[in-house]
Amino acid sequence: MQLQRRHTLKRAQEFAYVRNRGLSCVGRYFVLTTAPIPPTCAAGPAFSRFGIIVTKRVGCAVLRNTMRRRVRELLRAHGESLGKGRYVVILLRQAAAGADFPALREDFSSLLARHAKQEQHAPQTSC
RNA sequence: GUUCGGGUUCGGGUGGUCGCUGCGGCGGGGGCUUGCGCCCUGCGCCGUAGAGGAAAGUCCGGACAUCACAAGGCAACGCGCCUCGCGAAAGCGGGGGGGCGACGGGUCAAUCCCGCCGCAACGGAAAGCGCCACAGAAAACAAACCGCCCGGAUCUCCCGGGUAAGGGUGAAAUGGUGGGGUAAGAGCCCACCGCCCCGAAGGCAACAACGGGGGCACGGCAAGCCCCGCGUGAUGCAAGACAAACAGGGGGAAGGUCGCCUGCCUGCCCACACUCCCCCGGGUACUAGUUGCACCCCGCUCUGCGCGGGGCACGCGAAAGCGUGAGAAAAAUGACCACACAGUCCGAAAGGACGGACAGAAUCCGGCUUACAGAACCCGAACGGCG
RNA sequence: GUCCGGAUCGUCUAGAGGCCUAGGACUCUCGCCUUUCACGCGGGCAACACGGGUUCGAAUCCCGUUCCGGAUG
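Parameters and conventions
Residues numbered from 1 in each chain as written. Chains lettered and ligands numbered in written order. Predicted model: local features only at pLDDT ≥ 70, side-chain atom pairs only at ≥ 80, totals over all residues. Heavy atoms only, no water. Near = heavy atom within 4 Å. Polar contact = N/O pair within 3.5 Å; in protein donor to acceptor, adjacent residues only side chain to side chain. Helix = DSSP H or I, 4+ residues; strand = E, 2+ residues; numbered from the N terminus. Expected span 1.5 Å × (residues − 1). Buried < 20%, exposed > 50% of the residue type's maximum accessible area, 1.4 Å probe, protein only. Arc of directions from axis to C-beta. Contact = heavy atoms within 4.5 Å. Phe/Tyr/Trp six-rings, centres within 6.5 Å; stacked < 30°, edge-to-face > 60°.

### Side note on the protein's contact with RNA strand B
Thought 1: The environment of RNA strand B is made up of 20 residues, and the closest members are Arg5, Arg6, Lys10, Asn65 and Arg68.
Thought 2: The sugar-phosphate portion of RNA strand B accounts for 65% of its atoms within 4 Å of the protein, the bases making up the rest.
Thought 3: Interatomic distance of 3.0 Å between a side-chain N/O atom of Asn65 and a base nitrogen of RNA strand B.
Thought 4: Looking at the surface near RNA strand B, the elements that each hand over two or more residues are α1 (12-21) and α2 (61-78).

Right under this line is the structure:
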């Protein structure tokens, strides 16, 4: 799937919305949180929007850039299974520092499966 | 050839598939227009460009911008041997001078001299103030604890005087060695060395061969205050410029006062409400607008960052010349695969495994500092081999 | 991004070149007191972020590094 500028979350309000309202799922390297797109958003739910959080405790700037790019690549390859019309926030944990791409991919796909299961059981949260 | 030290350059390569951001073209969509057409775009395709030597730390210096305009003084801050070169400046480099430290040698010995190597923010301590703990008799300007010598005495012990050679303390103690001299001593006198002053060959200069004079005083710290010389207005692209909408109201300040080059003062200028401050209220398009801002200037122009000319920087090259010129904005420059090339580990070998140093542009440029695997080249030193 | 400031026991701090082998309070710990606990009394452990330089001598002065914090739309 595509991952252009319009597919990214930008404002602090949007990140706070996902953290307050969304369902989260913790893996070895990531914390995945998703929420339905808010009705106040003027844009249609034609696509999902993603935000990646890489804090300073992950490492120096070069390492943070590399990890963020690997997560972007994961989303580009596997992000479609999260469905459309959602806000998605992915937080990199400290253990992810220096993890290579196959390990990240394995953890991410298992996290996606668990997240889909959780989504089925949980009722749709009211906005 | 090996090792060590210093310097310069480079600091991962080639190809493929998929992807991201900027720009351009074509198409799509939207808006305006009767229309030609113009504008916008969070869309698609194609083309093209896309992290560093330190991009880092933010330690210096500039460009640029604003503070209405330019000026002087004080304060504050920075720099500080001489000379040459580069540079806008900061700074960098070459050479030299004196200084300090280690080593070796000279010498009876030394704080002295010579050689060699290394180091440094290296103006001034006889302009002034301050500090120099402990120890020591005494720590900065004069003094004398133990001693030594002379004289006296109530004669081991005390008193007066002379002395600064010896002892001990300290980071630092009133020039050093030898000789003369003396009651004992002392630059008291002499020789050599050192030091200070004057002159001076030489040197662009810092400096200084050498000569004369002086018995010799002037301890250290200025990365303590300070003095001398030179320099600096302040604030920083979140500087600033442009554009939309709206609605203003109330209170206060000072009459030579507010503001002003924003640490202080003077001077000058402007205003006398159109100033400044406070409070209440209103507006805010754009996913925080556009620009500054991504080589620059000029010309042509089919209006396309297209062409031409000139200039700047960098790279390649012997030269002529050729090539290149990131520009994001919750922030692109990536992921994977293959092949060679370095590197580490295991192994006798074949081979196998691991796996790319330090590190990510944010207005730009020049330096400084810090981090750094490895490669190439050059210079110097030591050791060894061959001729 | 730009511009500033700071670092001392586990915590909060004192310190302005020698009195510092760094003081105080809380904490911790040992003992005393008490039938026991608390309070109190006495003792102990425990720090100058790191690396250079100036100086006879540095927590203090200077330079660099590391870490932490603040202001600014």
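There is more to say after this.
### So, helix α3 (residues 101-121)
Thought 1: End to end, α3 covers 31 Å across 21 residues, agreeing with the expected 30 Å (1.5 Å per residue, within 8%).
Thought 2: Buried within α3 are the following residues: Leu104, Asp107, Phe108, Leu111, Leu112 and His115. Buried residues along α3 cover an arc of 150° about the axis, so they all sit on one side. Turned more than 90 degrees from where α3 packs its buried face, Glu106, Lys117, Gln120 and His121 sit exposed.
Thought 3: Residues of α3 that are buried make contact with β1 (23-26), β2 (30-36), α2 and β4 (86-92).

### Some points on the packing of aromatic side chains
Thought 1: Applying the stated criterion across every chain, the model contains 2 aromatic pairs.
Thought 2: Both rings, one in Tyr29 and one in Phe30, keep their centres 6.4 Å apart while their planes meet at 85°; by these two values the pair is edge-to-face. Grouping residues by exposure puts Tyr29 and Phe30 together as buried.
Thought 3: Members of the aromatic cluster, each reached through a chain of ring pairs, are Tyr29, Phe30 and Phe108.

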